[in-house]
Amino acid sequence: MHFQPQPHLGTPLARRVLTLREGAFAGAPHLQGLSDAFIESRAAQYSLESRAVLVKALRAQYETQGLTEAQEEQLKALSMPGAVTMTCGHQLVIGGGPLYVHSKIREVAALGVQWEVPSHPVVPVFWMATEDHDVEEIRHLSFGGKRYSMPNVFEGWATGKIPSEAVWPVLEALEKDWGQHAAIAEQLKVMRSAYLKGETLADATRRMMAHWHPSVLCIDASDAALKALASSLWTDEIQYQRMFSAQDQTPWDAQGWVPPVEVKPSTLFMLEEGRRTRLDYLGNGQWQAGSQKMDGTELLNRAASKPESISPNAILRPVYQECILPNVLYAGGSGEMEYWLQLIPYFQGRKMPEVRMHLRTSVEWWPSTSWRHWQRLSERGLRYHATISEMRDAWLKEESAPEKGAYPITEKLASFAKHEYGQYADLESSIASWLKRISKEEDRMRERARRSVLRTQQDRWRAFLAVKATQFPGSVESGGAGAMQERTWTALDLACHFGRLPFQTLEDGLMKHLDLNSGMPFLWAWIYPESGE
């Protein structure tokens, strides 16, 4: 298979975040290329005590399932004083999540290999959002035109604590529908071996990722020892609400936009018995979680004695990450990167290390049939992001088909009617009604003529719709733009179309083409089959 970078100019990709990066945030160190000096500095800033806690916590999290050979090497490397991490993260979506989750995992793996030197190993880490409590966003898996869903009985739970058995009905339904397809059955077997009785979604995700991405370490940051490493962060937020006071929405105001995250005085949640409850700051040092009220001193004592019960919200989570990891880079999509931009004034105010904010690569996978169709269609100048309605209009115009909304026959008849009957004032409304009926008939006739033209283009249309079906899922059904493939396809779709999961092709291509010090030469890439595949 081939990996081919694509130019992003003229595409709708990441328009907002690129505008902000190239405008208000241009020149920010967090958006610059990486350097050996920064890696060395970041490693030196990370204490040996913190490193020992991190390595111990990670080893404990893998104790039950065991580490792959590559993960063992990564963990040993992480224990070295000069080691740093590159990180990406996501929610614990059942079945491993959409393809872009796997893409960004392989992207940090590729970048880690690129930047690693013996004295400064670069360890790729996948941050599992185990404390996120938006269960609705993680409980569905769509495949083969059908939606499979975990029971909706875990509202308010930290998703990492949800029992693995909750996913069993989804696996049973998938096995019933797709168990006869060898490649899909193989991936369902991987999932079945991950969602084990007595374990959690965090455990299951760690198992699946070890199978699919064996060189990447998964971290569950709900660990009490890791929370204790960030004690100064919890204290700062409880005493001073630093994140709230650091916000500057001027860059968004200048564009007429709203910042991605509305920051409130409290950026904290309370975690108790697997449930996550918002902590609200009431003012005057008073706090409330649900019906429970407490003063700042009580909350500080709780953070010190039970650090695992304090949880950061979406905007504070990246800061927590930077407190507990020797991190040099975070890779994320445009949505993530926009709220990371929102953090730059905070990072600068607290004089935190200037972690690089890397906009990940979007990837389009081309099944062989769609690729053959595309090669023929592209010869006609077809735009990849064109919608079905746009191409319909373009191809009709190309064939000089009747334009929609034009009524040449009705207009001529109106002229004749005026000449013949215009002198009869009492017939004016009757003539208008008559012409209106004729215009409706003409509209229907012109549409028939347009469809007749389209029928002569049947082969072209079938090819075009086949491409849209795989590359922009949902577009054929809706007639609209559809969704990007990487946001709807999962590992099961790759298995279905390719008979395997070609993640190594992706990583090799990224390793060859990515260059953190050359700006952003590409933001998306195609992976398409070799001739004859």
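Since the model is a prediction, treat every value here as computed from it, not as a measurement.

Chemist: Please provide a residue-by-residue account of the overall build of the protein, values included.
Modeler: The secondary structure content of the protein amounts to 25 helices and 15 strands. For the protein, the spread of C-alpha atoms along the principal axes amounts to about 95 × 60 × 45 Å. Here the protein, with 533 residues, has 51% of them falling under the buried criterion. Taking the intrachain contacts of the protein between residues at least 6 apart in sequence as the baseline, contacts between residues at least 24 apart amount to 77%. About 24,400 Å² of surface is accessible on the protein, with carbon and sulfur atoms providing 51% of the total. Within the protein, one finds 58 positive and 64 negative side-chain charges whose respective centroids are separated by 5 Å.

Chemist: Quick rundown of the environment of Leu 58? Include the residues and the values.
Modeler: By secondary structure assignment, the location of Leu 58 is in helix H3 (residues 48–61). Along the chain, Leu 58 and Trp 252 lie 194 residues apart, while their C-alpha atoms are 38 Å from each other. With near-sequence residues (within four places) excluded, Leu 58 lies in contact with Leu 75, Leu 78, Leu 217, Cys 218 and Ile 219.

Chemist: So what's going on with the pattern of salt bridges? Residues and values would help.
Modeler: For the coordinates displayed, the defined rule picks out 18 salt bridges. With a shortest N-O distance of 2.8 Å, Arg 192 and Glu 175 are connected by a salt bridge. With a gap of 17 residues between them, Arg 192 in helix H7 (residues 182–194) and Glu 175 in helix H6 (residues 168–178) connect regions that are remote in the sequence. By relative accessible area, which is 31% here, Glu 175 ends up partly exposed. The closest approach of N and O atoms between Arg 302 and Glu 272, which form a salt bridge, is 2.7 Å. In this pair, Arg 302 sits in helix H13 (residues 296–305) while Glu 272 sits in strand E7 (residues 268–272), placing the two residues 30 residues apart along the sequence. Judged by relative accessible area, Arg 302 falls into the buried class, the value being 14%.

Chemist: Any chance you could break down a nonpolar patch on the surface for me, citing the residues and the numbers?
Modeler: On the surface, a nonpolar cluster with roughly 380 Å² of combined accessible area is contributed by Tyr 421, Tyr 424, Leu 427 and Trp 434. Looking at the element boundaries, Tyr 421 is found in helix H19 (residues 408–421). In this structure Tyr 421 comes out as partly exposed when scored by relative accessible area, which is 35%.

Chemist: Let's hear about the packing of aromatic side chains: which residues, and what values?
Modeler: Taken as a whole, this structure holds 23 aromatic pairs when the rule is applied. Arranged with centres 5.2 Å apart and planes meeting at 45 degrees, the rings of Trp 234 and Tyr 320 form a pair that is tilted. Of the two residues, Trp 234 is situated in helix H10 (residues 231–240) and Tyr 320 in helix H14 (residues 317–324); the sequence distance between them amounts to 86 residues. When sorted by exposure, Trp 234 lands in the same class as Tyr 320, which is buried. Between Trp 366 and Tyr 384, the aromatic rings sit 5.7 Å apart at their centres with planes inclined by 55 degrees, giving tilted as the arrangement. Placement of Trp 366 in the loop between strand E14 (362–365) and helix H17 (368–378) and of Tyr 384 in the loop between H17 and helix H18 (388–398) is noted, with a sequence separation of 18 residues between them.

Chemist: An account of the sheet that holds E7 is needed here, citing residue identities and associated values.
Modeler: The sheet built from 5 strands is open, its strands ordered E10-E9-E8-E7-E11 with antiparallel pairing. Since the sheet does not close on itself, it has two edges, and those belong to strand E10 (292–295) and strand E11 (310–312), each with one partner. Geometrically, the sheet is characterised by an average inter-axis angle of 35 degrees between neighbouring strands, direction not taken into account. Bridging between E7 and E11 involves 3 bridges; their strand directions are antiparallel. Pairing of Phe 269 across the sheet is with Ser 311, part of E11. Contacts between H13 and the sheet are confined to E7, strand E8 (275–283), strand E9 (286–289), E10 and E11, with E10 contributing the most and set at about 95 degrees to the helix.

Chemist: Any chance you could break down the pairing of E9 for me, citing the residues and the numbers?
Modeler: Along E9, the buried face is formed by Trp 287 and Ala 289; none of Gln 286 and Gln 288, which line the opposite face, is buried. Hairpin remark: E8 followed by E9, antiparallel, with 2 residues in the connecting loop; positive phi at Asn 284, about 55 degrees. Pairing analysis gives 4 bridges linking E9 to E10, with the strands arranged antiparallel. When the bridges of E10 are listed, Gln 288 appears paired with Lys 293. Between E9 and E10, which pair antiparallel in sequence order, lie 2 residues; one of them, Gly 290, sits at a positive phi of approximately 65 degrees.

Chemist: Run through the sheet that holds E14, naming residues and quoting values.
Modeler: Across the sheet, 3 strands lie side by side as E1-E15-E14; this open sheet has mixed pairing. Edge positions in the sheet fall to strand E1 (2–6) and E14, since each has one partner strand and no second. Strand-to-strand twist of the sheet, defined as the mean angle between neighbouring strand axes without regard to direction, takes the value 25 degrees. Pairing analysis gives 5 bridges linking E1 to strand E15 (residues 524–528), with the strands arranged antiparallel. The partner of Pro 5 across the bridge, within E15, is Ala 525.

Chemist: So what's going on with the state of the cysteines? Residues and values would help.
Modeler: In this structure the tally under the stated criterion is 0 disulfides. Left unpaired, Cys 88 is separated from the closest cysteine sulfur, that of Cys 218, by 8.8 Å. In this structure Cys 323 is a free cysteine whose sulfur lies 19 Å from that of Cys 88, the closest cysteine sulfur available.

Chemist: Quick rundown of the packing of H3 against helix H4 (residues 69–78)? Include the residues and the values.
Modeler: Where H3 meets H4, the closest approach of the two axes is 10 Å, and the angle between their N-to-C directions is 160 degrees. As the angle between them shows, H3 and H4 are arranged roughly antiparallel. For the element pair H3 and H4, the recorded crossing hand is left-handed. Counting all contacts with H3, which are made through Arg 51, Leu 54, Val 55, Leu 58 and Arg 59, the residues of H4 involved are Glu 72, Leu 75 and Leu 78. Tallied by class, residues from the contact of H3 with H4 come to 5 nonpolar, no polar and 3 charged.

So, how was this worked out
- Residues numbered from 1 in each chain as written.
- Predicted model: local features only at pLDDT ≥ 70, side-chain atom pairs only at ≥ 80, totals over all residues.
- Heavy atoms only, no water.
- Helix = DSSP H or I, 4+ residues; strand = E, 2+ residues; numbered from the N terminus.
- Buried < 20%, exposed > 50% of the residue type's maximum accessible area, 1.4 Å probe, protein only.
- Contact = heavy atoms within 4.5 Å.
- Areas by Shrake-Rupley, 256 points an atom, 1.4 Å probe, with all protein chains shown as cover.
- Lys, Arg positive; Asp, Glu negative; His and termini not counted.
- Charge placed at Lys NZ, Arg CZ, Asp CG, Glu CD.
- Salt bridge = Lys/Arg side-chain N within 4 Å of Asp/Glu carboxyl O.
- Patch = residues over 30% accessible without salt bridge, like charges linked within 9 Å, V, L, I, M, F, W, Y side chains within 5 Å.
- Phe/Tyr/Trp six-rings, centres within 6.5 Å; stacked < 30°, edge-to-face > 60°.
- Pairing = 2+ DSSP bridges.
- Axes fitted to C-alpha atoms, helices over the stretch in contact; angles between N-to-C directions.
- Disulfide = S-S within 2.5 Å.
- Parallel < 35°, antiparallel > 145°, perpendicular 65-115°, else oblique.
- Left-handed = near helix turned anticlockwise from the far one by under 90°.
- Nonpolar A, V, L, I, M, F, W, Y, C, P; charged D, E, K, R; others polar.

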